[in-house]
Amino acid sequence: MSSSNELYMESIKQEIELLQGCKMTQLHKGYSSDKKYLVQSGDDERFLLRAFNLKEYDQKQREFSILHQMERYGVKCSRPIDIGRLSTAGYMLISYIEGNDAADELPRYAESDQFKIGFDAGIELRKMHQYTAPKHVSSWYERKVIKHRRYMDQYMNCGVRVRNDDKIMAFIEQNITYMKQRPNVFQHDDFHVGNMIVMNKQLSGIIDFNRYDWGDPIHEFLKVGIFSREISIPFSIGQIRGYFQHKKQQPGELFWRLYSLYLAMCVFSSVVWTLKAAPETMDHMLDNIYTSLEDHDYFNQIKPKWYLEG
């Protein structure tokens, strides 16, 4: 640890009364610009401290209030403890979820355990979707179309092209009106195995609510196809089954059509986002994209090949 970072952590401790006498360790995982610290109190209770740019304070306050709402719905996630301003940054203190990254742990588990964790994740997602969007939030269709057109403009000028992208664009245009009249509810918007913590083969909690949005609940499932499916197909099937509350209940045609539509849109937004945020991972992202396209035979079928009925 650099001496400058030690000084920074000491200055934080001095400004936040709750941290007096606590031990702090910086965490480096994730793409967030926040500085993250594991905080351990004298009686071994552990917390997560996020320090952020003061310009983001209003947004962080909204995220903090989201965690309060999730707590009311009984969602397995961090409890909000404190938020405030420091002399040089803002901070958020939340409870620490014990365990390890599900993306790392799931492949070590039996398929039945992977399925069960996915099933429980689906139940948690359903709880989140009880929270309806504030009245001032415009319709999902209106916002999503604008965002998609913007991503398409950026994609066409970014220098990276996905094979047979014309087929994907045609599928989107043929199905985009299905987004009309969709529910406008809370979206975690980054719901995948990399944002889940597991311990002792159980789901401990969901993390990283900082990208939350409002819109169609089915949009949450596109990360199954682009990320979670790569790590664990049993988990991915379990998440869908758990969301629908009963193992024998199958999602209908509308679910799969919208799921495929959002996955198709994600092809282009993922390329644009990766170029901006993590260009060194572009090859891996393209591998994921091509896998998801093959799962759907370039959207000649709306239900992915890996989803087994049962």
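For the structure, see preceding data.
Reading the values: the criteria
- Residues numbered from 1 in each chain as written.
- Predicted model: local features only at pLDDT ≥ 70, side-chain atom pairs only at ≥ 80, totals over all residues.
- Heavy atoms only, no water.
- Helix = DSSP H or I, 4+ residues; strand = E, 2+ residues; numbered from the N terminus.
- Rg over C-alpha atoms; globule rule 2.2 N^0.38 Å.
- Buried < 20%, exposed > 50% of the residue type's maximum accessible area, 1.4 Å probe, protein only.
- Contact = heavy atoms within 4.5 Å.
- Areas by Shrake-Rupley, 256 points an atom, 1.4 Å probe, with all protein chains shown as cover.
- Phe/Tyr/Trp six-rings, centres within 6.5 Å; stacked < 30°, edge-to-face > 60°.
- Lys NZ or Arg CZ within 6 Å of the ring centre and 35° of its normal.
- Pairing = 2+ DSSP bridges.
- Axes fitted to C-alpha atoms, helices over the stretch in contact; angles between N-to-C directions.
- Salt bridge = Lys/Arg side-chain N within 4 Å of Asp/Glu carboxyl O.
- Polar contact = N/O pair within 3.5 Å; in protein donor to acceptor, adjacent residues only side chain to side chain.

Enquirer: Got a minute to help me understand the overall build of the protein in this structure?
Expert: Counting its regular elements, the protein contains ten helices and ten strands. In terms of overall size, the protein behaves like a compact globule, its C-alpha atoms giving a radius of gyration of 20 Å where 310 residues would be expected to give roughly 19 Å. Principal-axis analysis of the C-alpha atoms gives the protein an extent of 60 × 45 × 40 Å. A burial count over the protein gives 53% of its 310 residues as buried. Intrachain contacts of the protein at a sequence separation of at least 6 include 70% that bridge at least 24 residues. Surface accessibility of the protein: about 14900 Å² in total, with carbon and sulfur atoms responsible for 48%.

Enquirer: What am I meant to see in the packing of aromatic side chains here?
Expert: Here a ring pair, both rings aromatic, is described through the centre-centre distance and the interplanar angle of the planes. Here the structure, examined in full by the defined rule, presents 21 aromatic pairs. Centre to centre, the rings of Phe 255 and Trp 256 are 4.9 Å apart; their planes meet at 85 degrees, and the pair counts as edge-to-face. Pair check on accessibility: Phe 255 and Trp 256 agree, each one buried. Site record: aromatic cluster; members linked through ring pairs are Phe 221, Tyr 243, Phe 244, Phe 255, Trp 256, Tyr 259, Trp 306 and Tyr 307. Note that Arg 85 overlies the ring of Tyr 57, its terminal NZ or CZ placed 3.8 Å from the centroid. Sitting over the ring of Tyr 290, Arg 163 keeps its end group 3.8 Å from the ring centre.

Enquirer: Mind showing me how you'd approach the sheet that holds strand E9 (residues 202-206) here?
Expert: Read from one edge to the other, the open sheet built from three strands follows the order E6-E8-E9, with strand pairing classed as antiparallel. The outermost strands of the open sheet, each flanked by one partner alone, are strand E6 (100-101) and E9. Two strands pair when backbone bridges link them, and E6 and strand E8 (residues 196-199) are joined in this way by two bridges, in the antiparallel orientation. Bridge pairing in E8 links Asn 100 to Val 198. On the sheet, helix H4 (residues 111-128) packs against E8 and E9 and is oriented at approximately 30 degrees with respect to E9.

Enquirer: So what exactly am I meant to see when it comes to the pairing of strand E3 (residues 46-52) here?
Expert: Looking along a regular strand, one sees the side chains alternate between the two faces of the sheet. Here E3 lies mainly inside the structure; six of its seven residues are buried. Taking the residues between adjacent antiparallel strands as the criterion, strand E2 (residues 35-40) and E3 are bridged by five residues, where Asp 44 takes a positive phi near 70 degrees. The pairing of E3 with strand E5 (residues 90-95) spans six bridges and is antiparallel. The residue of E5 that forms the bridge with Leu 49 is Leu 93.

Enquirer: Would you mind going over the pattern of salt bridges with me for this structure?
Expert: Side-chain pairing between opposite charges can occur once the charged atoms of the two side chains come close. Taken as a whole and judged by the stated rule, the model has 19 salt bridges. For Asp 208, the salt bridge goes to Arg 50, with nearest N and O atoms at 3.3 Å. One end of the pair, Asp 208, is in the loop between E9 and strand E10 (213-215); the other, Arg 50, is in strand E3, and 158 residues separate them in sequence. Note that Asp 190 and Arg 211 form a salt bridge whose closest N and O atoms lie 2.9 Å from each other. Of this pair, Asp 190 sits in the loop between strand E7 (185-187) and E8 while Arg 211 sits in the loop between E9 and E10; the two residues are 21 residues apart in sequence, bridging distant segments of the chain. Through salt bridges with shared partners, a single ionic network connects Asp 34, Arg 50, Lys 60, Glu 63 and Asp 208.

Enquirer: Honestly, the side chain of Arg 257 in this entry has me stumped. Any pointers?
Expert: Structurally, Arg 257 can be placed in helix H9 (residues 253-277). A polar contact is formed between the side chain of Arg 257 and the side chain of Asn 175, at a distance of 2.7 Å.

Enquirer: I tried to follow the sheet that holds E3 on my own but got confused; where do I start?
Expert: Through backbone hydrogen bonds, the strands of a sheet pair up, either in parallel or in antiparallel fashion. One open sheet accounts for five strands, arranged E1-E2-E3-E5-E4; its pairing is antiparallel. Edge positions in the sheet fall to strand E1 (23-27) and strand E4 (80-85), since each has one partner strand and no second. Averaged over all neighbouring strand pairs, the angle between strand axes comes to 20 degrees, with direction disregarded. Its contacts with the sheet put helix H2 (residues 57-72) on E3, E4 and E5, and the angle it makes with E4 is roughly 165 degrees.

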